[in-house]
Structure formats: structure tokens, C-alpha cells
Amino acid sequence: MVANLAPLSPLPAWLPEAVRLYLDHTEEGLSLRALARREGCHASTVLRHVRRCESRRDDPLVDEALAALGRVQGKTDDPARKDPPPMTALHRDPRTPLAIDEATIAREARRILRRLAEPQAVLAIAADLEKACVLREMPDGSTARTAVLERAVAQAFALKDWIACRKAGRIATYEITAAGRAAARRMIDEEDRRRQGMAEAQTPFADQHRDWAEREMHEPGEAPRRIRYNLAESPVAALGRRRDKDGKPFLETELVEAAERLREDFELAQMGPRVAQNWDRFLTAGDRGGYRPDAGGAEGPRMARERVAAALRDLGPGLGDMALRCCCFLEGLEVAEKRMGWAARSGKVVLRIALQRLRRHYDEAYGRSGPLIG
């Protein structure tokens with residue numbers, strides 16, 4: 001049963017602004033220029049929102065939600081019906097997002113999104129059912145149901161772009177998006193701080209970009225110790241979490257490990273009094289081997305510099321530049337593409353080829369158990 005019924009208002013307060021613009025344009029008939037004047041933005045901005053919402057109507061949950069919201073504004077998608085259904089009935093229909101409020105969405109998000117963030121987890125919903133469920137494929141090949149939610153809540157998640165349709169049909173399946181993961185982390189962190197009495201120190205929009213993990217750190221003569229680090233700070237690690245339409249990661253684990261190995265050597269080479277070294281000379285083929293490895297301890301550990309230089313020489317111009325920028329400088333793909341003068345969306349492919357070559361270099365030079373710091 002859906003709790004916390006929202007007051008009977010034309011549209012729910014939690015609705016994203018892009019969806020409001022789309023409904024005002026399609027249902028109320030307001031022009032793009034009129035909406036742009038009302039919002040104080042350019043008409044092309046409104047047009048992008050409208051087009052994106054229209055393109056998302058292939059998603060069953062989004063289409064159902066937009067149809068219900070459109071009926072609230074006095075429209076109906078059923079030509080046989082002369083009058084729209086009563087407002088009260090629409091707001092109490094558990095199949096529409098009008099039946100829930102923002103507090104309910106936040107509460108359900110903390111419960112459902114964390115389940116969807118688990119490996120091999122999807123949200124499944126049938127066309128004739130009022131509830132959806134979260135299913136997870138277990139290591140033994142079985143499927144476990146980890147959560148159940150109202151259809152209206154699932155529609156709200158889809159409108160907020162927290163979930164995306166992976167497969168449509170009689171039973172549609174959804175997976176969590178990057179925006180959904182960020183929202184889940186933000187809400188969970190806020191809840192933890194409230195429980196600890198630290199609400200005044202909240203940093204929700206910084207925490208949503210942090211993805212903490214732990215690993216063991218080995219140092220000569222010392223026992224291994226575990227350190228915590230932020231997975232989200234590396235563009236390669238973020239790209240390694242993306243999946244294609246078949247559910248396979250774009251970057252395999254061994255490619256991400258190769259990128260982290262290069263980054264660790266790069267960071268180790270910058271230790272010492274002189275931390276502002278000019279690594280730009282690695283970006284040109286003529287200078288790539290021009291530094292002196294015995295220039296002194298103040299420039300950082302010599303062995304780490306030699307490993308970085310050897311890896312970049314093996315990759316060669318282009319591939320080495322991309323690996324250095326994304327793995328060491330932590331530049332995003334779009335920034336690297338612009339600085340290299342490449343076509344848009346080409347950097348992802350070049351980076352993958354570079355990491356494959358880098359992994360081969362480490363395997364041939366050091367073996368699979370090469371000189372990793374952590």
C-alpha cells in the first residue's frame with residue numbers, strides 16, 4: 001500500500017524541472033520561447049529538455065508516468081474517453097507517481113537504490129503488475145529477490161533518471177544509473193550523519209562523488225596495512241565501471257589494474273623536495289627519453305621514473321599521451337580529446353587500446369605480479 005499521499009496539486013513538487021517543461025509544452029501548449037522567457041534561459045535549452053523527455057518515452061515506466069501526469073493537466077491519451085478521470089482518483093492510483101510524495105521517494109531510494117547498486121542486480125517489472133522487484137544473480141547461478149517496491153516509486157525513479165531501462169518487453173528490466181548511485185550515496189551519508197548528530201557538517205554534493213574502497217599496502221620491512229582510497233577520483237576507474245548493452249564492463253579489471261600501476265609509479269616518482277616536475281616532456285616523441293635517470297634523489301625515486309619512462313616509450317606517441325593524461329594527470333576523456341585535437345568520443349577507444357598495450361608491457365617486463373605499491 002502506498003503511504004504518505006501527496007496533497008492534491010497539479011504536479012508533484014519533486015518532479016524534475018525538465019519534465020515540467022516537457023509537460024507544459026506538450027500538454028499546456030506553451031511555446032518554447034514562452035517557456036524560455038518564464039525560466040530565464042535560452043529557447044535551445046528548453047528544446048533540449050523537451051527532446052530528451054520525448055526520446056525517453058520508449059522507456060515503459062517513463063511513458064506511463066508522463067501519460068498520467070499529462071492527464072492531470074486535463075489531457076487524456078484515450079480517444080474514447082471524453083472527460084479526464086477525477087483528480088482524486090489519479091492521485092490515489094498506486095500505479096502513478098502522483099500517489100507519493102518526496103519523503104516517500106527518499107525513504108524508498110535509501111532502501112532500493114542500495115540494492116540496485118549491488119553486482120548483477122536489476123529491477124524487474126511486468127506490464128500488468130502494481131509492484132516491481134529487485135532481483136540479483138547469485139554466484140551459484142540462482143536468482144534472489146532482494147526488495148519489492150510500488151510501481152509508482154519505480155516510475156519516480158525513472159523520471160529522476162536514477163534507473164534506466166535495459167530491456168523492454170512483457171517484463172522490463174532496469175539498472176541503476178550513475179545519477180542513481182550518486183543519489184544513493186548522498187542520501188545514505190546524510191542519514192548516517194543525522195544518526196551521529198553531525199547534520200551541521202554535511203557535504204552531500206561532495207560525498208556523492210566519492211566511492212571509497214580499501215586495499216592492502218606493502219612496504220619493505222613492514223607488515224601489510226590497509227588503506228582507504230577514492231575509486232571515483234580516477235577517470236579510468238570510473239570508465240571501468242561502465243557497462244555496454246550486453247552488461248560487460250568496457251574496461252576489464254586487468255586493464256584498470258595496469259592503469260593504476262602506471263599511476264602509482266608516476267606518483268612515487270614525484271616524491272621528494274621537487275614535487276612540481278615538468279612531466280609535459282613525456283608528451284612529445286623527441287623528449288620522451290631525454291631525461292637523466294641519475295639526476296639525483298630530489299627528483300623522486302629513480303626506479304619509478306625508469307618504469308614510467310619505459311612504459312611510455314613502449315606505448316609510443318598517441319597511446320602514451322592518452323595513458324599519461326588519463327592515468328597520471330587524471331584528465332577526463334573529453335578534456336584529453338580536446339587537448340590532443342582528436343574527434344569527440346574517440347578517446348575512449350584509444351585509451352582502451354593504450355591500456356591493452358600497457359598491460360602487455362607490464363606482463364612482459366615484470367610478470368603479472370609486477371611492482372605494485374598497494
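Remember, it's a predicted structure, so these values are computed and weren't measured experimentally.

S.K.: Could you clarify how one ought to interpret the side chain of Arg151 in this entry?
M.R.: Along the chain, Arg151 falls in helix 7 (residues 151-159). A polar atom in the side chain of Arg151 sits 2.5 Å from the backbone oxygen of Leu129.

S.K.: What am I meant to see in the sheet that holds strand 5 (residues 171-176) here?
M.R.: The strands making up a sheet associate through hydrogen bonds between their backbones, and the pairing can be parallel or antiparallel. Ordered by their spatial adjacency, five strands build an open sheet running 3-2-1-5-4, and the pairing between neighbours is antiparallel. What marks the edges here is a single partner per strand, and that holds for strand 3 (143-150) and strand 4 (163-167). Neighbour to neighbour, the strand axes of the sheet diverge by 35 degrees on average, direction disregarded. Where strand 1 (residues 121-126) and strand 2 (residues 131-137) come together, four bridges link them in antiparallel fashion. Opposite Val122, over in strand 2, you have Leu135 as the bridge partner. Packed onto the sheet, helix 4 (residues 60-72) meets strand 1, strand 4 and strand 5 and runs at close to 100 degrees relative to strand 5. Running over the sheet, helix 7 touches strand 1, strand 2, strand 3 and strand 4 and is turned about 90 degrees from strand 3.

S.K.: Any chance you could explain the packing of helix 11 (residues 253-269) against helix 13 (residues 319-328) here in plain terms?
M.R.: Helices that pack against each other are described as a pair by the angle of their axes relative to one another and the distance between those axes. Packing of helix 11 against helix 13 leaves a shortest axis separation of 9 Å and a crossing angle of 75 degrees. Classed by the angle they form, the pair helix 11 and helix 13 counts as roughly perpendicular. Along the contact surface, helix 11 presents Ala259, Leu262, Arg263 and Phe266, while helix 13 presents Ala323, Leu324, Cys327 and Cys328. By residue class, the composition of the contact of helix 11 with helix 13 is seven nonpolar, no polar and one charged.

S.K.: It is not clear to me how unusual backbone geometry should be interpreted in this structure. Could you clarify?
M.R.: Negative phi characterises most residues that are not glycine, and trans characterises most peptide bonds. Its identity as a non-glycine residue notwithstanding, Gln120 has a phi of 60 degrees, on the positive side. Inspection of the secondary structure assignment puts Gln120 in the loop between helix 6 (102-116) and strand 1. The phi dihedral of Arg345 falls on the positive side, at around 70 degrees, and the residue is not glycine.

About the criteria used
- Residues numbered from 1 in each chain as written.
- Predicted model: local features only at pLDDT ≥ 70, side-chain atom pairs only at ≥ 80, totals over all residues.
- Heavy atoms only, no water.
- Helix = DSSP H or I, 4+ residues; strand = E, 2+ residues; numbered from the N terminus.
- Polar contact = N/O pair within 3.5 Å; in protein donor to acceptor, adjacent residues only side chain to side chain.
- Pairing = 2+ DSSP bridges.
- Axes fitted to C-alpha atoms, helices over the stretch in contact; angles between N-to-C directions.
- Contact = heavy atoms within 4.5 Å.
- Parallel < 35°, antiparallel > 145°, perpendicular 65-115°, else oblique.
- Nonpolar A, V, L, I, M, F, W, Y, C, P; charged D, E, K, R; others polar.

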